[in-house]
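Structure assessment
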Amino acid sequence: MKHANYSKEHILYLKKKRRKSVLINVARIGLLVAFLGIWELLAQLKVIDPFITSCPSRVAITIGNLYKNGTLFTHIGITLMETLVGFIIAVALGYTVAVLLYMSDGVCKVLEPYIVVLNSLPKIALGPLIIIWFGTGYSAIIFMTVLVAVIVCVMNTLTGFLTVDKTMLTLMRAMGAKKSAVLFKLVIPSSLPSLINTLKVAVGLAWIGSIMGEYVASRAGLGYLIVYGGQVLKLDLVMTSTFILCILAGGMYGIITLIEKKLTK
């Protein structure tokens, strides 16, 4: 049996934990269904104007129309590709920079104010420059995605490095461990939860960056559909694109959560 070596108390605890997890998932799904149902009901009763707010049935019809004309998966694929590439580059670059800053206290202190300023800079203001530098293709949008996410990745990862158990850190240094040994044997393994949190934050920022990039320079993608729908007052298209974005972002977050469970297990 799966729990043959567990005590009765432990088996009871596992059952309660599993039951709680099921209830949480049911509550999440129920909340979503209730929200969509109320939204649809208010639109059908004309309490809200479906032309302005759209409604689930109109979103479903718009998705069907996009699928019929063969553009649904094209737009989804383009935005998903830009987001994933930007996300991977931002996380890898941010982690590398954080390691380099951790290895050099002096460089870290010198660059810290500049990193903070870059993080607070409204990235959309660089849109015209990005178009000049990279044109209006995928490169410009991916660069915008990296630009939005990379600084936060650096700061969160570096914070995780600096909050490692001071007692263990002092012990390793007292035993004569070099900083590289401390980094790879203590700091990086101990900062795994911080890395997972960084990934979770970077997921949202990557989507923000890719959509911002498509606002500035794109001819396809979900961000392009949002801009186009707003310009021609096809608000069903705007809400449909936003709905699809929510599903994709939730899916990426779910994958990160599964990775977290595997690593922490």
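Counting restarts for each chain: residues are numbered from 1 in the order of the written sequence. Owing to the predicted nature of the model, reporting of local features is limited to residues with pLDDT of at least 70; listing and counting of side-chain atom pairs is limited to 80 or more, with chain, interface and lining totals taken over all residues. Computation of side-chain values: all heavy atoms of the structure, hydrogens and water removed.

Considering the overall build of the protein chain
Numbering of helices and strands starts at the N terminus; helices are DSSP runs of H or I of at least 4 residues and strands are runs of E of at least 2. Tallying secondary structure elements over the protein chain gives twelve helices and zero strands in all. Put simply, the protein chain runs from its N terminus to its C terminus through helices and strands in the order α-α-α-α-α-α-α-α-α-α-α-α. It is over C-alpha atoms that the radius of gyration is taken, and the globule rule equals 2.2 Å times the number of residues to the power 0.38. In terms of overall size, the protein chain is more extended than a compact globule, its C-alpha atoms giving a radius of gyration of 23 Å where 265 residues would be expected to give roughly 18 Å. For the protein chain, the spread of C-alpha atoms along the principal axes amounts to about 70 × 65 × 30 Å. For the protein chain, the proportion of contacts with a sequence separation of at least 24, taken over those separated by at least 6, is 70%. Method for areas: the Shrake-Rupley scheme with a 1.4 Å probe, in which residue coverage is limited to the protein chains shown. With the model as given, the accessible surface of the protein chain reaches about 16100 Å², and the carbon-plus-sulfur share is 71%. Between the centroid of the 25 positive side chains of the protein chain and the centroid of its 10 negative side chains there is a distance of 11 Å. Contact criterion: two residues are considered in contact whenever any of their non-hydrogen atoms come within 4.5 Å of each other. All tallies of charge rest on Lys and Arg as positive and Asp and Glu as negative; His and the ends of each chain are not included. A charge is said to be at NZ when it belongs to Lys, at CZ for Arg, at CG for Asp and at CD for Glu.

Overview of the packing of helix 4 (residues 72-103) against helix 11 (residues 222-231)
Fitting a line to C-alpha atoms yields each axis, with helices limited to the stretch in contact; the angle taken between N-to-C directions then spans 0 to 180 degrees. At a minimum axis distance of 7 Å, the contact between helix 4 and helix 11 shows a crossing angle of 120°. Of the possible angle classes, the one that applies to helix 4 and helix 11 is oblique. Along its contact with helix 4, which presents His75, Ile76 and Thr79, the element helix 11 presents Leu222, Gly223, Tyr224 and Leu225. Three classes are used, and their members are as follows: Ala, Val, Leu, Ile, Met, Phe, Trp, Tyr, Cys and Pro are nonpolar, Asp, Glu, Lys and Arg are charged, and the others, Gly among them, are polar. Tallied by class, residues from the contact of helix 4 with helix 11 come to four nonpolar, three polar and no charged. An angle counts as roughly parallel when it lies under 35 degrees, as roughly antiparallel when it exceeds 145, as roughly perpendicular when it falls between 65 and 115, and as oblique in every other case.

Brief notes about a nonpolar patch on the surface
A cluster of nonpolar side chains, namely Ile38, Leu41, Leu42, Leu45 and Val47, defines an oily patch on the protein surface of about 470 Å² accessible area. Mapped onto the elements of the fold, Leu42 is located in helix 1 (residues 8-44). To sort residues, take the accessible area from a 1.4 Å probe on protein chains only and compare it with the maximum for the residue type: under 20% means buried, over 50% means exposed, and anything in between is partly exposed. By relative accessible area, which is 30% here, Leu42 ends up partly exposed. Patches were defined on residues exceeding 30% relative accessible area and lacking a salt bridge, with like-charge contacts within 9 Å and nonpolar side-chain contacts (Val, Leu, Ile, Met, Phe, Trp, Tyr) within 5 Å. Definition used for salt bridges: Asp or Glu carboxyl oxygen within 4 Å of a side-chain nitrogen of Lys or Arg.

Examining the nonpolar core
Soluble globular proteins: nonpolar side chains tend toward being buried together. Residues belong to one nonpolar core when they are buried, are Ala, Val, Leu, Ile, Met, Phe, Trp, Tyr or Cys, and are joined through side-chain atoms within 4.5 Å. The biggest cluster of nonpolar side chains holds 29 residues, and the ones touching the most others in it are Tyr102, Val182 and Val187. Contributions of two or more residues to this core are made by helix 4, helix 5 (105-120), helix 7 (138-162), helix 8 (166-174), helix 9 (179-190) and helix 10 (192-216). For this core, the leading source of residues is helix 7, giving twelve residues. Judged by nonpolar contacts, the second largest core, of 23 residues, contains Ile76, Cys153, Leu237 and Val238.

A word on a positive patch on the surface
Where like charges cluster on the molecular surface, the positive patch consists of Lys15, Lys16, Arg18 and Arg19. Within the element layout of this structure, Lys16 appears in helix 1.

A closer look at the packing of aromatic side chains
Here the aromatic set is Phe, Tyr and Trp, taking the six-membered ring for Trp, and pairing holds for ring centres within 6.5 Å; pairs whose planes are under 30 degrees apart are stacked, those over 60 apart are edge-to-face, and all others are tilted. In total, this model carries six aromatic pairs according to the counting rule given. Three or more aromatic residues joined by ring pairs make a cluster, and in this case those are Tyr95, Tyr102 and Phe161.

Describing the packing of helix 4 against helix 10
It is the contact of helix 4 with helix 10, at a shortest axis distance of 8 Å, that shows an interaxial angle of 135°. Relative to helix 10, the element helix 4 lies oblique. Both helix 4 and helix 10 take part in a crossing whose hand is right-handed. In this structure, helix 4 uses Ile78, Thr79, Leu80, Glu82, Thr83, Phe87, Val91 and Tyr95 to contact helix 10, whose residues at the interface are Leu195, Leu199, Ala202, Val203, Ala206, Trp207, Ser210, Ile211 and Glu214. A breakdown of the residues in the contact of helix 4 with helix 10 according to their chemical character gives twelve nonpolar, three polar and two charged. What makes a crossing left-handed is the near helix being turned counterclockwise from the far one by less than a right angle; a clockwise turn instead makes it right-handed.

Function cannot be inferred from these measures alone, as they are strictly geometric.
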